[in-house]
Amino acid sequence: MWLNEDDPIHKRDLFFSKPFVNSPGTLGFAPDPHKMPVIANLGAFITHPISRKPRQPASNRACIPFPGGFLLHTGLPNPGITRTISRYKHAWAGASLPIIVHLLVEDPGSLAEMIRKLERLENVMAVELGLPPNCDPDALRSLMDAAIGELPIIPCVSPDQIPVLRETLLALNPTAVHLVEPRGVLPDEAGNLITGRLCGPGIFPTMLHASRELLDVSFPLIVNGGMNSKLQADTFLNAGVTALGLGSVLWQLKQAFLA
Amino acid sequence: MWLNEDDPIHKRDLFFSKPFVNSPGTLGFAPDPHKMPVIANLGAFITHPISRKPRQPASNRACIPFPGGFLLHTGLPNPGITRTISRYKHAWAGASLPIIVHLLVEDPGSLAEMIRKLERLENVMAVELGLPPNCDPDALRSLMDAAIGELPIIPCVSPDQIPVLRETLLALNPTAVHLVEPRGVLPDEAGNLITGRLCGPGIFPTMLHASRELLDVSFPLIVNGGMNSKLQADTFLNAGVTALGLGSVLWQLKQAFLA
Amino acid sequence: MLTKLLEINQIGEERAGVLDIPEKYWPQPGQYMPCQHDSDPAAPLVTNLFRVIGTGDQLYLGPMPENWLPGDSIHILPPQGNGFSIPAAARRVGLLPFGVSPLRLLPLLKTTLMQNAALVLFWDAGQNHDILHRLPTVVEVAPTATLAENLDWLDYLAIDIALGDLPQLNSLLSIPELPFDGQLLIRTDMPCRGIGDCGVCAVKTTKGWQHACTDGPVFQLKELHHVAQ
Amino acid sequence: MLTKLLEINQIGEERAGVLDIPEKYWPQPGQYMPCQHDSDPAAPLVTNLFRVIGTGDQLYLGPMPENWLPGDSIHILPPQGNGFSIPAAARRVGLLPFGVSPLRLLPLLKTTLMQNAALVLFWDAGQNHDILHRLPTVVEVAPTATLAENLDWLDYLAIDIALGDLPQLNSLLSIPELPFDGQLLIRTDMPCRGIGDCGVCAVKTTKGWQHACTDGPVFQLKELHHVAQ
Ligand SMILES: Cc1cc2nc3c(=O)[nH]c(=O)nc-3n(C[C@H](O)[C@H](O)[C@H](O)COP(=O)(O)OP(=O)(O)OC[C@H]3O[C@@H](n4cnc5c(N)ncnc54)[C@H](O)[C@@H]3O)c2cc1C
Ligand SMILES: Cc1cc2nc3c(=O)[nH]c(=O)nc-3n(C[C@H](O)[C@H](O)[C@H](O)COP(=O)(O)OP(=O)(O)OC[C@H]3O[C@@H](n4cnc5c(N)ncnc54)[C@H](O)[C@@H]3O)c2cc1C
Ligand SMILES: Cc1cc2nc3c(=O)[nH]c(=O)nc-3n(C[C@H](O)[C@H](O)[C@H](O)COP(=O)(O)O)c2cc1C
Ligand SMILES: Cc1cc2nc3c(=O)[nH]c(=O)nc-3n(C[C@H](O)[C@H](O)[C@H](O)COP(=O)(O)O)c2cc1C
Ligand code: FES
Ligand code: FES
């Protein structure tokens, strides 16, 4: 083993030329400068969540507004890792910014398999782990173990996962942690209850609160925050956050603060 | 011991003649039918949080709006348990609805002391425990032990406390659990970061999500939910919630759905 | 692009509005125009507006959100998606607004009448409905239930339907193979307009899953009949 | 009670509006009127409006939120809290809008002039400020810095100040005991209007902690001077 013991293989430094990224699922599988001029303002591009096997849209897919934001439930459809790589590896290699591949993680075995397929792809900077909603410390530990390889690993946690996973994250000391939107439940038009991510400016105080629970840690923090103004972005950056994940603002027609 | 072992003394049934309560801190220390006609629609009245010693207002007290709601940080000022009881015990005894006293809990010793002072007060139906933000399972267990007495005990938890305290609550099986608003952080006008409770219709999807994490339990659930419509109230009741805590709607001038 | 909302008209139950938009950016019937109010911070979603019938030579878009008022500033993008295209040979055209006002389908009137086609509007509105008074007399209005008897008569059918209502449409058009051409405008949330491949607008077709935002919102009826989910 | 917003006026930097309210419910200067827009689900807080100067015999309230427009429906409650009360014997009156427009203090003009008192407005606005043109010529306008020299001259001082600015006021009025009567309108959030004893509006006084919503928002200067937090 030619590595220093104090320098575990999954610990790499991430460098963002600009302190913004898109949150996973907001800009599709690969950057497209024509469709999304905003990528000129991003330090890295995060892909749509990708799973081992293809996933189809959820039958109860929906986008439900609430005061301050909207709930998004899609089932995270994607063509699966193999087809995604063959379709997008050239777009990733030729992109003007580094790519972070977001993996929808089910179990350690299939995760390791996915990671192996991503190693040595040009311009892939890191891999993000989209953890299952009820991921416990043991599961996180075995997933992080399975993910060890050539690429820096960024686990994604939502605010409700912090109390459970905080200590484990401190012990694992990953390259970075990405704090993503909380989940919520809303009735759809027919009254059926739909679970999904909450997006929009209304989640800002929740994300700012959650980020402060992790700021005393040693690893860099990427935070999605319902941001739609420079003031909000500066609040996070002044609090010590390394990069900001933009979500709903990327789908809006007014993106003044990014210009 | 004249009690059956299977029937621990802190386990009592709560009965609400109407499925609404006010959330703690929204209607002061005692019901006042002139100032708050809404109490005719409530099944019980929950007091402002009361501490062992008097508490003064926080120096950075604030009410900060955000899209979908507002953040409230007060420092939970109150005259302390002794003065509160002497000032309000007659109003409690003569009230048209039962009183639930909300205690701001610091440690088991002072909690036990507060509970003793409340026992045998007329028309006090139960005691609610406002837990410290970072309450862990051990702390919850010793607080619940200290609270055992003649009054039913209702611990309050916020959504971010559920993953940590769920198992302990299942084991303790309290009379009821009150799910209260999450905490958040926002900058005030001067840019200082303020921590406080998040209120308003924007928290509805978060509270509905959190309530579903506790619905498979055996104890009744009271939920604050940013509700401002009958549809939202029915969503919670249909999901199996026992009583609904009303918050920001009580301070509004339009309370149509309660009429 | 930032523009102004010039005028609001109540047509039946829906609100239609006139935006100040150069004619080259006017959406075709069935296409959508992403719009967003300039000053509503609590509404982070884009509103996709469709061309609807109005009066005179102006472009009317709908349905307008309740809180948008004349004089408001509105951000817009150029029209997106595939609109309706009536086959030039169609002589017997049907319009089927499925459980919805026919506002989005009626902009097809002009083309239909220009190619001298007969036109039936399959719609169950009351006889005195506001919209009926705006229709030329050559347009026949028939109850939706009569569609089943008219399947042989039609050359082309244009449908406006919510994604969730597709199973009901399958019952109405319950024959295995349709004897006419048709297109459907699928109404579904399209929050990302294709930028994010979010999949909220996914529609199952004979070609596999497609996205209403980029592959639709107007689809070929034959590609969805008995397939769509 | 539900009422209508009749008219909006821009006065200096602030928006003042006319609500359709019976005269018996008009707030006194310094009192507040809890108001809430009927159709803004994302704005759950009540807006507390104050009486401001306007024109003619109508009641003007301010500051009006940016998105409230003439014609909008507004819920209101009767005026609340303690307003200003100028001592009948006061002959030399000062008004001190502290870092804010004098709109909320100027409704005191009428009483002051009726009791033939001299009136100085301590205010640092530019000479051509909109509001200056609305003032009768008997009103003297002087820079805030001149207040310190005029403490002996005053019988009564009315102040409009944000809670957070009280330490600065203490520096301006840096003598231990004030030789005149005075009152302050404390501007602070009052989300519960006293219903909830929430304490957001708490003000420290010589009598202990008080609530601006019920004990104020106008307080006696002597009870806050060098005390307030
Ligand atoms: C075909 C299909 C149909 C479905 N139908 C339903 C249904 O009818 N009802 C229903 O309740 N659910 C259904 N699901 C399950 C549901 O899709 C999952 O809960 C899914 O993860 C929800 O996605 P979402 O859009 O709510 O986003 P979220 O779950 O909120 O995703 C947020 C983040 O969490 C991560 N994440 C979420 N779930 C997982 C996971 N399981 N493993 C790893 N990472 C995860 C993602 O990476 C993402 O970054 C279905 C799934 C599929 C594939
Ligand atoms: C005089 C004073 C000054 C203060 N100054 C500051 C300050 O400058 N900055 C600062 O950050 N904090 C300050 N605090 C501490 C802060 O007030 C506490 O965090 C307080 O609990 C916050 O109240 P809140 O309005 O944010 O409501 P929340 O904390 O959001 O209250 C929500 C619920 O949690 C319960 N709860 C909250 N905290 C506790 C607790 N400690 N123990 C038991 N139950 C609890 C309550 O019962 C309530 O039901 C001060 C406190 C006091 C008494
Ligand atoms: C409540 C529910 C939860 C589901 N959760 C998942 C899931 O977590 N992951 C997944 O890949 N599919 C999930 N599915 C989807 C099913 O596994 C299956 O793919 C789906 O029902 C569609 O299958 P079909 O079109 O072949 O009938 C879920 C489905 C339902 C109804
Ligand atoms: C950051 C911070 C946190 C505080 N937390 C609490 C608390 O949890 N409970 C409490 O009773 N007081 C709390 N206080 C208040 C202090 O204990 C003290 O009461 C406050 O600073 C006011 O005291 P003073 O007016 O005598 O200076 C806190 C104060 C600060 C600044
Ligand atoms: S709207 Fe997101 S893919 Fe169509
Ligand atoms: S506003 Fe709540 S006590 Fe004054």
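Residues numbered from 1 in each chain as written. Chains lettered and ligands numbered in written order. Predicted model: local features only at pLDDT ≥ 70, side-chain atom pairs only at ≥ 80, totals over all residues. Heavy atoms only, no water.

Participant: What's the story with the side chain of A:His73 in this structure? I'm lost.
Facilitator: Mapped onto the secondary structure, A:His73 falls in strand 4 (residues 69-73). On the basis of relative accessible area, A:His73 is assigned to the buried category, the value being 18%. Those residues in contact with A:His73 that lie beyond four places of it in its chain are A:Ala58, A:Asn60, A:Arg61, A:Ala62, A:Ile194, A:Thr195, A:Gly196 and C:Val200. (Helix = DSSP H or I, 4+ residues; strand = E, 2+ residues; numbered from the N terminus. Buried < 20%, exposed > 50% of the residue type's maximum accessible area, 1.4 Å probe, protein only. Contact = heavy atoms within 4.5 Å.)

Participant: Any chance you could explain the confidence of the model for chain C here in plain terms?
Facilitator: For any part of a model where pLDDT is low, the fine detail of the predicted coordinates should not be relied upon. Per-residue confidence for chain C averages 88 on the pLDDT scale, and 96% of its residues sit at or above 70. Looking at the elements of chain C, mean pLDDT is at its lowest for helix 2 (residues 166-172) of chain C, recorded as 85, and at its highest for strand 14 (residues 218-220) of chain C, recorded as 96. (pLDDT = per-residue confidence, 0-100.)

Participant: Help me understand the pattern of salt bridges in this model?
Facilitator: Close approach of charged atoms allows side chains with opposite charge to pair. Scanning all chains against the criterion turns up 26 salt bridges over all chains. In this structure, the salt-bridge partner of C:Lys222 is C:Asp181, at a minimum N-O distance of 3.8 Å. Note that C:Lys222 is positioned in helix 3 (residues 221-224) and C:Asp181 in strand 11 (residues 181-187), a separation of 41 residues in sequence. C:Lys222 sits in the partly exposed class, given a relative accessible area of 47%. Here C:Asp181 falls in the partly exposed class, since its relative accessible area comes to 37%. When the shortest N-O distance is used, the salt bridge between D:Asp160 and D:Arg104 registers 2.7 Å. With a gap of 56 residues between them, D:Asp160 in strand 10 (residues 156-162) and D:Arg104 in the loop between strand 7 (92-97) and helix 1 (109-114) connect regions that are remote in the sequence. This pair shows no difference in class: D:Asp160 is buried, exactly as D:Arg104 is. (Salt bridge = Lys/Arg side-chain N within 4 Å of Asp/Glu carboxyl O.)

Participant: Sorry if this is basic, but what is going on with the relation of the copies chain A and chain B here?
Facilitator: There are two copies of the chain, and a rotation about an axis plus a shift along that axis relates them. Rotating chain A by 180° and translating it 0.0 Å along the rotation axis places it on chain B, where the RMSD comes to 0.0 Å. Such a combination of turn and shift is consistent with a two-fold rotation axis. Considering only C-alpha atoms, the residue of chain A closest to the rotation axis is A:Gly68, which sits at 2.2 Å. A symmetric contact is evident, with 100% of the interface residues of chain A recurring at the interface of chain B. (Least-squares fit on C-alpha atoms with pLDDT ≥ 70 in both.)

Participant: Explain the pairing of strand 4 (residues 69-73) of chain B to me, please; I cannot follow it from the model alone.
Facilitator: Where a strand is regular, its side chains alternate between the two sheet faces. Residues and elements named next belong to chain B. Counting buried positions over the five residues of strand 4 gives five, a clear majority of the element. Residues Gly 69, Leu 71 and His 73 of strand 4 are buried on one face, and the alternating residues Phe 70 and Leu 72, pointing to the opposite face, are buried as well. Note that strand 3 (residues 62-66) and strand 4 share five bridges and pair antiparallel. When the sheet's bridge partners are listed, Ala 62 is paired in strand 4 with His 73. (Pairing = 2+ DSSP bridges.)

Participant: Can you walk me through the interface of chain A and chain B in this structure?
Facilitator: A common way to state how big an interface is: give the accessible area lost once the parts meet. Counting from both sides, the interface comprises 23 residues of chain A and, opposite them, 23 residues of chain B. Interface area, chain A with chain B, both sides summed: about 2,100 Å², of which 72% is carbon and sulfur. In terms of surface lost to chain B, no three residues of chain A exceed A:Val185, A:Pro205 and A:His209, which account for 24% of the buried area on that side. At the boundary of chain A with chain B, the tally comes to zero salt bridges. For the side of chain A that touches chain B, the secondary structure elements donating two or more residues are helix 4 (162-172), strand 9 (183-187), strand 10 (193-199) and helix 5 (204-212) of chain A. Here the side of chain A that touches chain B is composed, by residue class, of 13 nonpolar, seven polar and three charged. (Buried area = accessible area lost by both parts, 1.4 Å probe. Nonpolar A, V, L, I, M, F, W, Y, C, P; charged D, E, K, R; others polar.)

Participant: Got a minute to help me understand the environment of A:Ala93 in this structure?
Facilitator: Its location among the elements puts A:Ala93 in helix 1 (residues 81-93). For A:Ala93, the residues in contact, after removing those within four places along its chain, are A:Glu122 and A:Asn123.

Participant: How do you make sense of the packing of helix 5 of chain A against helix 6 (residues 230-238) of chain A when you look at a structure like this?
Facilitator: Residue and element names in this part refer to chain A. Look at helix 5 against helix 6: their axes get within 11 Å of each other, and the N-to-C directions meet at 10°. Classed by the angle they form, the pair helix 5 and helix 6 counts as roughly parallel. Side by side, helix 5 and helix 6 meet where Phe 204, Met 207, Leu 208 and Ser 211 of the first sit next to Gln 232, Thr 235 and Phe 236 of the second. Here the contact of helix 5 with helix 6 is composed, by residue class, of four nonpolar, three polar and no charged. (Axes fitted to C-alpha atoms, helices over the stretch in contact; angles between N-to-C directions. Parallel < 35°, antiparallel > 145°, perpendicular 65-115°, else oblique.)

Participant: Explain the interface of chain D and chain B to me, please; I cannot follow it from the model alone.
Facilitator: Listed per partner, the contact involves 32 residues of chain D and 31 residues of chain B. Surface buried jointly by chain D and chain B totals about 2,200 Å² across both partners, of which 60% is contributed by carbon and sulfur atoms. Inspection of the chain D/chain B interface yields zero salt bridges. At the boundary of chain D with chain B, the tally comes to 11 residue pairs in polar contact (both at pLDDT 80 or more). The set of elements that each furnish at least two residues to the side of chain D that touches chain B consists of strand 3 (32-37), strand 6 (73-76) and strand 12 (202-205) of chain D. Ranked by the residues each element gives to the side of chain D that touches chain B, the list is headed by strand 3 of chain D, at four residues. Tallied by class, residues from the side of chain D that touches chain B come to 18 nonpolar, eight polar and six charged. (Polar contact = N/O pair within 3.5 Å; in protein donor to acceptor, adjacent residues only side chain to side chain.)

Participant: Explain the layout of surface pockets here, please?
Facilitator: If a probe the size of a water molecule is rolled over the atoms, the empty space left behind becomes visible. Approximately 1,100 Å³ is the volume found for the second largest pocket. Lining the second largest pocket we find 47 residues, and of these A:Pro159, A:Asp160, B:Pro159, B:Asp160 and B:Pro163 sit closest to its centre. Put simply, the parts of the chain that give the lining of the second largest pocket at least two residues each are helix 4, strand 10 and helix 5 of chain A together with helix 4 (162-172), strand 10 (193-199) and helix 5 (204-212) of chain B. Residue composition of the lining of the second largest pocket, by class: 23 nonpolar, 12 polar and 12 charged. (1 Å grid on protein atoms, 1.4 Å probe; cavity = no way out; pocket = protein on both sides within 12 Å on 5 of 7 lines; lining within 4 Å. Points joined across faces, edges and corners; volume = space filled by probe spheres on them.)

Participant: It is not clear to me how helix 6 of chain A should be interpreted in this structure. Could you clarify?
Facilitator: In an α-helix, one turn spans 3.6 residues; hence positions three or four apart end up facing the same way. Among the residues of helix 6 of chain A, A:Gln232, A:Ala233, A:Thr235 and A:Phe236 are the ones counted as buried. Considered in projection along helix 6 of chain A, the buried side chains sweep an arc of 155° and stay on one side of the axis. Exposed positions of helix 6 of chain A whose direction lies more than 90 degrees from the buried face are A:Lys230, A:Leu231 and A:Asn238. Looking at the packing, one finds that the buried side of helix 6 of chain A touches strand 1 (20-22), helix 5, strand 11 (221-224) and strand 12 (243-246) of chain A together with strand 9 (183-187) and strand 10 of chain B. Just beyond helix 6 of chain A, the residue with positive phi is A:Gly240, at close to 110°. (Arc of directions from axis to C-beta.)

Participant: Honestly, the sheet that holds strand 4 of chain B in this entry has me stumped. Any pointers?
Facilitator: Across a sheet, paired strands are connected by hydrogen bonds in the backbone, their directions being either parallel or antiparallel. Residue and element names in this part refer to chain B. Spatial ordering of the open sheet is given by 3-4-10-9, a layout of four strands whose pairing is antiparallel. Edge positions in the sheet fall to strand 3 and strand 9, since each of these pairs with one other strand and no more. Each adjacent strand pair in this sheet contributes to an overall mean axis angle of 40°, direction not counted.

Participant: Would you mind going over empty space enclosed by the protein with me for this structure?
Facilitator: Here the structure, examined in full by the defined rule, presents seven cavities of 30 Å³ or more. Within this model, the largest cavity holds a volume of roughly 130 Å³. Taken together, 17 residues make up the lining of the largest cavity; nearest its centre are B:Gly25, B:Thr26, B:Leu72, B:Arg197 and B:Trp251. Elements represented by at least two residues in the lining of the largest cavity include exactly strand 4 and strand 10 of chain B. In terms of residue class, the lining of the largest cavity is built from eight nonpolar, seven polar and two charged. Put simply, the second largest cavity is a space of about 90 Å³. If you go around the second largest cavity, the residues you meet are A:Ser23, A:Pro24, A:Gly25, A:Thr26, A:Phe70, A:Leu72, A:Glu181, A:Arg197, A:Cys199, A:Gly247, A:Ser248 and A:Trp251. Taken together, the elements giving at least two residues each to the lining of the second largest cavity come down to strand 4 and strand 10 of chain A. Considering only residue class, the lining of the second largest cavity consists of five nonpolar, five polar and two charged.

Participant: I'm lost on the environment of C:Gln31 in this one. Help?
Facilitator: All names here are of chain C. Along the chain, Gln 31 turns up in the loop between strand 2 (14-19) and strand 3 (32-37). Once you skip the residues sitting within four places of it in the chain, Gln 31 turns out to touch Leu 49, Phe 50, Arg 51, Pro 79, Gln 80, Gly 81, Asn 82 and Gly 83. Engagement of the side chain of Gln 31 in a polar contact is seen with the backbone nitrogen of Gln 28, the distance being 2.9 Å. Within the structure, the side chain of Gln 31 is placed 3.0 Å from the backbone oxygen of Gly 81, a separation counted as a polar contact.

Participant: Got a minute to help me understand the confidence of the model for chain A in this structure?
Facilitator: The predicted model of chain A has a mean per-residue pLDDT of 90, with 93% of residues at 70 or higher. Every residue in residues 7-11 of chain A scores below 50 in pLDDT, and together they form 10 contacts with partners more than four places removed in sequence or on other chains.

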